[in-house]
There are 4 protein chains.
Amino acid sequence: MSSSSPRTPHAFTAGMWTFGRIIDRYATDGYGPPVPTLKTIDLAAASGELAGLDLNYPFDEGVTVEEVGKALAGHGLAAVNITPVIYDRGFRSGSFTSTDPAVRKRAVDLAHESVDVARRLNARYVKFWPGQDGYDYPFQVDYATLRRHAVEGIRDVARNFPDVTFAIEYKLKEPRNRLFWSTAAASLLAIEQMGVDNVGLVVDFGHSLFAKENPAEALTLAHSMGRLVDIELDDNYREWDDDLTAGALHLVETLEFLHVVREIGWEHPLKLDLFPYRENAGEAVRESVATLRALDDKAARLPLEELRAAQAVHDAMAVQRIVRAALLG
Amino acid sequence: MSSSSPRTPHAFTAGMWTFGRIIDRYATDGYGPPVPTLKTIDLAAASGELAGLDLNYPFDEGVTVEEVGKALAGHGLAAVNITPVIYDRGFRSGSFTSTDPAVRKRAVDLAHESVDVARRLNARYVKFWPGQDGYDYPFQVDYATLRRHAVEGIRDVARNFPDVTFAIEYKLKEPRNRLFWSTAAASLLAIEQMGVDNVGLVVDFGHSLFAKENPAEALTLAHSMGRLVDIELDDNYREWDDDLTAGALHLVETLEFLHVVREIGWEHPLKLDLFPYRENAGEAVRESVATLRALDDKAARLPLEELRAAQAVHDAMAVQRIVRAALLG
Amino acid sequence: MSSSSPRTPHAFTAGMWTFGRIIDRYATDGYGPPVPTLKTIDLAAASGELAGLDLNYPFDEGVTVEEVGKALAGHGLAAVNITPVIYDRGFRSGSFTSTDPAVRKRAVDLAHESVDVARRLNARYVKFWPGQDGYDYPFQVDYATLRRHAVEGIRDVARNFPDVTFAIEYKLKEPRNRLFWSTAAASLLAIEQMGVDNVGLVVDFGHSLFAKENPAEALTLAHSMGRLVDIELDDNYREWDDDLTAGALHLVETLEFLHVVREIGWEHPLKLDLFPYRENAGEAVRESVATLRALDDKAARLPLEELRAAQAVHDAMAVQRIVRAALLG
Amino acid sequence: MSSSSPRTPHAFTAGMWTFGRIIDRYATDGYGPPVPTLKTIDLAAASGELAGLDLNYPFDEGVTVEEVGKALAGHGLAAVNITPVIYDRGFRSGSFTSTDPAVRKRAVDLAHESVDVARRLNARYVKFWPGQDGYDYPFQVDYATLRRHAVEGIRDVARNFPDVTFAIEYKLKEPRNRLFWSTAAASLLAIEQMGVDNVGLVVDFGHSLFAKENPAEALTLAHSMGRLVDIELDDNYREWDDDLTAGALHLVETLEFLHVVREIGWEHPLKLDLFPYRENAGEAVRESVATLRALDDKAARLPLEELRAAQAVHDAMAVQRIVRAALLG
């Protein structure tokens, strides 16, 4: 019986925000003290499990790209991607979809800067998470105009840098009640309409659950269209972006996700997207990595012929048996 | 100040199932006695508000297309569309996505028959609601194969009848836990991949709410892509396809939906998709129509310049004032 | 280091509906052919894993209590409880909360008959699942009256049979859009208001998930109030009563539930509540039992001192490590 | 035909947080600049619609109770209640349910101080919103211990001040993934278990929707048990505490809520709980008040005999007609 061929185990990366100060609307004094940019890099390294970071840009005032590059290099960490902060106060009513041309220009300028930073730090791509691009109330926007701004804004940036890879991370809601880049399919459809080759998707397991998708199916779709740029892992209760440790709740669906990650031949590290409000960030990373390694090990030993035979007839009970044997031994 | 130009008021149509016997998994003896095909047409007509029907096919055994056509004509009702029943026991594990070629062939055959019936009854289109096309458990299907079957099955039918219009009605779940044709964007993306011109979308207000979409935005998207074939109305609690009377719960979003219906210049009747389990079907239709007429009247008098000015700056409070003035006087 | 003391492994029971014909509003011709009462008992026994059944009453026309008793005895199956069918067409607008005194009387009469049947079959309790007791639309009912009927109806039955145990199974919705007996806490509060000792709660894992509860917490609460009568297992996507096989999706929460089952010293079998629409019922039972046994074995070996120490300081990462070690080795 | 008797129109109050600086985990620099305590009072007064405020305590450093009292008096605003801030960093892992006795003591001390402030400002009650009392992961807490701390902590405070009214505001989740005080029924059950007379409930319309309750039913229940202390209004998409303006989405359910407010003879002002992230707070208040006034006016004119007659037979279509006539004319 065949099974997945042996492979190098996954490496892991994480968002630098995991190590920073987390705030929410109630603990407005933060769940901990402020953490300077360079300190988040030290903390990420100290977790002992990471190969690289997703870096929010701009950095703290006064911190240079060189300093960040040096801090990363000193710890042997890669810059996975640059994520321009197009979702703070300056963009509270939208970035690329703001109704204010000056704000849209600022989003574009920050994107351009991010490309420059990405090049200097040798990052693989620039990620857009347009969390303020959407609306809150019915009737608030003209949907065609919103769509045009959302699509054209990113398209124009992408056209300016045809050799740079861009990715969009979708989420159903938060902080806006309705986000434009909401689901995998909605985002892929809009990306297709852009007509550019260098924009793709980040599939975040938790965002996919929250969007009422099956993450493994969303991943398959993005890959099949040649638009999969990165993969993020975490967990939640299926109705909000709780950003719990990976595998905290949904082991079966995480296993299936990791199985598809193998099937598509994913070559890059897996990224963690965690918000350990009350936990030690390093512990949250280590716990997630340990869970994902254990699950991936089980994914590697799935009896693929048997699984494919069961899937070929949609035999739910047969796949359950296979999954149970893999997970619970 | 401009407002929508005067127009002929909407006509209304309904699904014939609204007048039939409703069953569920608990009241397996039905919420009422069986209702023969021709009787549902009489009951639909007796509601006094309908211009046509969405007709499930096959009809009761022994009932001919001619008899149905005569019953409709006798009441002055149009056949809006034919909906092949590809979701009963024979298709319990899928229609176009069944793993059994014989079942897939039956789905195709039934689709072909439906085209014939549609032509004979002068229906505007053939509707697919592939409610058994999906899966229930993680790992149960190979997503790429499921997608291929879903897309190619309908594409092949559509290619056989290039002069016939087909439409797909999407829903997030039920009866399968996960349906392939799940959201507006997922369906439009798959329809685009079909590469045919004669397949479009039915946007059902309730299915859209249930899919965590804003229905007005989904409608705008389908229209903008030239894929909007029909519009259905109903209401629910945003997390299941409750099929309550239109406007029962979500007046603001129904008003916005009707506003977009006007903006896109929709020329066809509006269809009701109701399941009045414990209510008189005629009453449920009349109540829905009365609510929709009242709302559409308010939609017609929205101060469009003012609304557009508010939308041009995403002014939530200004649009709230406009909506409140329109709805609550 | 201590761990749970060795115990006899759990026995399992199931609802007889799992082996009957399943119908829904789309496959109105059923997901299979009709299954007579006595045949469901044979099929249950043939699953090879069950010690008893939850029996819907009335049985098929013409089937006597003696015949059922004999069929059960012939297979060595116990009658766990009798569940009067107060949710079919005759009760479509409510059972104990119907506005029609004649319907309320029928509910009471059927409850009385069920007590008689329970006694004759030596069942442990009579279960009410008042799935039609609730409402669908805002303003439809006067809430105080609905509550009074719901509470008094069951209280009066319970007072008539002080030596009989009754239990209520709660669910958030379906078939009514809003059920009166909706959550564990809402039901326990209403049961307390009844002022009788012989009415308790059935905690169904899936209903609890669907009600946005944590099932382990709901179980703890019902037990702490001395109101826990039975426990049912299944799984779902947290937003509908999908009745999937136990452990299909939520292994961690099922493990925690089984841990609490041990902690409270539960002595009765665990019941399965499955609706295998498209699957073989026996297979669904066997798969559920195998998963629950595997999980219970892991629950039995949880390092309790370590776990309690972690819980004593709410240490999420420490409990994650314990759970991971238990589940994934 | 009778209808509600004429009454003085409702007065309105609001949370002072509505006028403060709103922050979330993305716009960590806030949706606007910091707003000092006394300035929020000025802004509340400037809205032109408020009779009083829900005051978070402690105030800004250096601001005295006298200064707050004077600011309120200067604007003719009442102190409705004091809400001790038991949900910021110092209580990030719980207030009354913290595992750290020193933190629990701080919660108690802050509650005592709040009683003192409430007395000095002549506030009607002290409100607990224990938003950090709960947990995030399965297995994280021992549920019985959590419950004991939650119930006993507030009970002890209440016993110390038998002449003071206390109220608990429940919410399903946020900032913890699972809050102890989650639903109306769960909270009422726990309050009953406290065995004190001076602790009741705040029913927040939005929290109730979010908890999958029907707010009008929750209000009826709290009132019927003599535990209703205050009422808050807002709106959301039924799955998160979005804190939109009142009536923004759910007009029918808000109308029903206001109808029940009338039926129970509520004598106090109605409070708004809004988070106008991107909107002017005064505008959000005015818009909410205008909508609630318009709806309450319609509630006042509901044909009560007709409504009661329809409710007496659970006639969904009849109540729909009544609601439609009331709302849409």
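Anything mentioned here points back to the structure above.
Numbers given for residues are sequential positions, taken from 1 along each chain in its written order. Chain labels run from A onward and ligand labels from 1 onward, assigned in the order the entries are written. Local features in this predicted model are restricted to residues whose pLDDT is 70 or higher, and side-chain atom pairs enter the listing and the counts only when it is 80 or higher, whereas totals over whole chains, interfaces and linings include all residues. With hydrogens and water stripped out, all remaining heavy atoms of the structure feed into the side-chain values.

Student: Explain the packing of helix H4 (residues 143–160) of chain A against helix H5 (residues 184–194) of chain A here, please?
Tutor: If you want to describe how two helices pack, look at the angle between their axes and the distance between the axes. Residues and elements named next belong to chain A. For every element, the axis is a line fit to its C-alpha atoms; helices are fit only across the contacting stretch, and the angle between N-to-C directions ranges from 0 to 180 degrees. Note on conventions: DSSP H or I runs of at least 4 residues are helices, E runs of at least 2 residues are strands, and numbering of each starts at the N terminus. Viewed as axis vectors pointing N to C, H4 and H5 meet at an angle of 55°, and their least axial separation amounts to 9 Å. As summarised for this structure, H4 and H5 are arranged oblique, according to the angle between their axes. By crossing handedness, the relation of H4 to H5 is classed as right-handed. Residue-level inspection shows Arg147, Val151, Ile154, Arg155 and Arg159 of H4 in contact with H5, the latter providing Leu189, Ala190, Gln193 and Met194. Classes in brief: Ala, Val, Leu, Ile, Met, Phe, Trp, Tyr, Cys and Pro nonpolar; Asp, Glu, Lys and Arg charged; the others, Gly included, polar. When its residues are assigned to classes, the contact of H4 with H5 shows five nonpolar, one polar and three charged. Each angle receives one of four descriptions, namely roughly parallel if under 35 degrees, roughly antiparallel if over 145, roughly perpendicular if within 65 to 115, and oblique otherwise. Crossings are sorted by hand: turned counterclockwise from the far helix by less than a right angle, the near helix makes the crossing left-handed, and turned clockwise it makes it right-handed. Whether two residues are in contact is decided by their heavy atoms: any pair within 4.5 Å suffices.

Student: Where do I start with the interface of chain B and chain C in this structure?
Tutor: The extent of an interface is frequently quoted as the accessible surface area lost upon association of the parts. Each partner contributes residues to the interface: chain B has 43 residues there, and chain C has 43 residues. The term buried area means the drop in 1.4 Å probe accessible area that two parts suffer when joined, counted for both and summed. Considering only the side of chain B, the residues that lose the most area to chain C are Arg25, Tyr26 and Arg278 of chain B, jointly responsible for 21% of the buried surface there. The rule for a salt bridge is simple: a side-chain nitrogen of Lys or Arg has to be within 4 Å of a carboxyl oxygen of Asp or Glu. Linking chain B with chain C are ten salt bridges, by the criterion used here. Where Glu174 of chain C meets Arg25 of chain B, a salt bridge forms, and the shortest distance between an N and an O atom there is 2.7 Å. Looking at the side of chain B that touches chain C residue by residue, the class counts come to 17 nonpolar, seven polar and 19 charged.

Student: What exactly am I supposed to notice about helix H4 (residues 143–160) of chain B here?
Tutor: A turn of α-helix holds 3.6 residues, and therefore any two residues three or four places apart point the same way. Each residue after the first adds 1.5 Å to the expected span of a helix. The end-to-end C-alpha separation of H4 of chain B is 26 Å, in line with the 26 Å expected for 18 residues at 1.5 Å each. Remark: exposure states derive from per-residue accessible area (1.4 Å probe, protein chains only) relative to the maximum for the residue type, with buried under 20%, exposed over 50%, and partly exposed in between. Taken together, the buried positions of H4 of chain B are Tyr143, Leu146, Arg147, His149, Ala150, Val151, Gly153, Ile154, Arg155, Val157 and Ala158 of chain B.

Student: Would you mind showing me how to read the side chain of Asp242 of chain B here?
Tutor: Turning to its location among the elements, Asp242 of chain B is positioned in the loop between strand E9 (228–233) and helix H8 (251–263). Definition of a polar contact: a pair of N or O atoms within 3.5 Å, with one able to donate and the other able to accept a hydrogen when the atoms are protein atoms, and with sequence-neighbouring residues admitted only if both atoms are side-chain atoms. Within the structure, the side chain of Asp242 of chain B is placed 3.1 Å from the side chain of Lys173 of chain C, a separation counted as a polar contact. A distance of 2.7 Å separates a polar atom in the side chain of Asp242 of chain B from a polar atom in the side chain of Asn177 of chain C. Sequence-distant contacts of Asp242 of chain B, defined by excluding residues within four places in its chain, comprise Asp235, Asn236, Tyr237 and Tyr277 of chain B together with Lys173 and Asn177 of chain C.

Student: Got a minute to help me understand the interface of chain D and chain B in this structure?
Tutor: Across the boundary between the two partners, chain D contributes 28 residues, which contact 28 residues of chain B. Taken together, the two surfaces of chain D and chain B that pack against each other cover about 2600 Å², and 57% of this comes from carbon and sulfur. Three residues stand out in chain D for area buried against chain B, namely Glu287, Met317 and Leu328 of chain D, and they jointly supply 25% of the buried area on that side. Seen at the junction of chain D and chain B, the total is six salt bridges. When the shortest N-O distance is used, the salt bridge between Glu239 of chain B and Lys212 of chain D registers 2.8 Å.

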